[in-house]
Amino acid sequence: MEDRASFRSGFVTIWGRPNVGKSTLLNSILKYKITIVSDKPQTTRKNIKGILNHPDCQIVFIDTPGLHVPVDPLGEFLSNQWKSSLFDADCLLYLTNPGVSVDTDEIYLKEIRNFPHPILLVVNKIDLFKKGTIQKTIHEFSQHFSFHDILEVSALTGVGLEQLIQKIRDLLPISPPYFDEEQISDVYERDIVGEMIREKVWHHIHQEVPYGVEVRVEEFKEKENLVSIRAIIYVEKDSHRKIIIGGKGSMIKRIGSDARKDLEEFFGVKVFLDLWVKTQLNWRKKPAVLRRWGYTIR
């Protein structure tokens, strides 16, 4: 049996304001797409654990909904999610982008001032900015906040990710793994399917519609060379249902086609995807519906 005397394992929260690349970073590190990527805020709704397994360590990353001021029962759930992620973590990655003023991030930095473990400043998207802009951002943030270390990465191209992983590994406690070493997430395949479909809705539909969208996978059957999926896209208003279906079903076909491509890449086999759109009036404000869909308010 392999010697585990020096094996390290722990939890790492990914923190920062919307659109800095938190979900893209997690997907790139894992080399699997397990969480939604979108330029809209509040895309992620639940804490999603992505598990990186190396021979000498297991790093459990937590992608969070981020800072959220609750205005309805769903908002209360989102707020509880990011707060719990801070209590669970052994290390925290604070993501920002070059050119961002520290004043813009002040509300997010304020929430982690009492975090008792190392915080790494991770400057993402360095492939898109000049060195001078990157260094100016690093100087401004390091003057304002005491980070354990600072790393420059590009989640999109992979630059700097190996150094980041090694730095995290060195900060984690000596511990046996928390999860099976074949596992890449604590999210069930059905949930990943639902999130991939929801991502395509967010990509194609604008204004307020995506925020009232929930996807539930009703049927999931795996055969040797085919995965058959039936899912329902729920919206809050009948008018939103018409938008997602589109004229002569054009929009739902586009959403389904894009989602199927991602799902086939994920499963490595052909996917049959059957999508339906239904209205669940004002579901974000109904605790009973939220509980049924897994948004448990404690």
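Just so it is clear, the model here is predicted, and its values are computed rather than measured. (Residues numbered from 1 in each chain as written. Predicted model: local features only at pLDDT ≥ 70, side-chain atom pairs only at ≥ 80, totals over all residues. Heavy atoms only, no water.)

Colleague: Report on the sheet that holds strand β6 (residues 149-152), specifying residues and quantitative values.
Modeller: Sheet architecture is open: six strands sit in the order β2-β3-β1-β4-β5-β6, paired in mixed fashion. Looking at strand neighbours, the two that pair on one side only are β2 (48-54) and β6, the edges of this open sheet. The average undirected angle you get between the axes of adjacent strands in this sheet is 25°. By the bridge criterion, four bridges tie strand β1 (residues 8-15) to strand β4 (residues 91-96) in an arrangement that is parallel. Of the residues in β4, the one forming a bridge with Ile 14 is Leu 93. The strands touched by helix α3 (residues 102-110) within the sheet are β1 and β4, with β4 carrying the most contacts at an inclination of about 165°. (Pairing = 2+ DSSP bridges. Helix = DSSP H or I, 4+ residues; strand = E, 2+ residues; numbered from the N terminus. Axes fitted to C-alpha atoms, helices over the stretch in contact; angles between N-to-C directions. Contact = heavy atoms within 4.5 Å.)

Colleague: Tell me about the environment of Asp 103, and please be specific about residues and values.
Modeller: Mapped onto the secondary structure, Asp 103 falls in helix α3. Judged by its relative accessible area of 63%, Asp 103 falls in the exposed class. Remark: the alpha-carbon pair of Asp 103 and His 144, spanning 41 residues in sequence, is separated by 9.5 Å. (Buried < 20%, exposed > 50% of the residue type's maximum accessible area, 1.4 Å probe, protein only.)

Colleague: Hey, could you go over the sheet that holds strand β7 (residues 214-222) for me, with residue numbers and the actual values?
Modeller: Ordered in space as β7-β8-β9, the three strands form an open sheet in which the pairing is mixed. If you trace the sheet from one side to the other, it starts and ends with β7 and β9 (270-279), each paired once. Between one strand axis and the next, the sheet turns by 15° as a mean value, whatever way the strands run. Taken together, the eight bridges between β7 and strand β8 (residues 226-235) define a ladder with antiparallel strand orientation.

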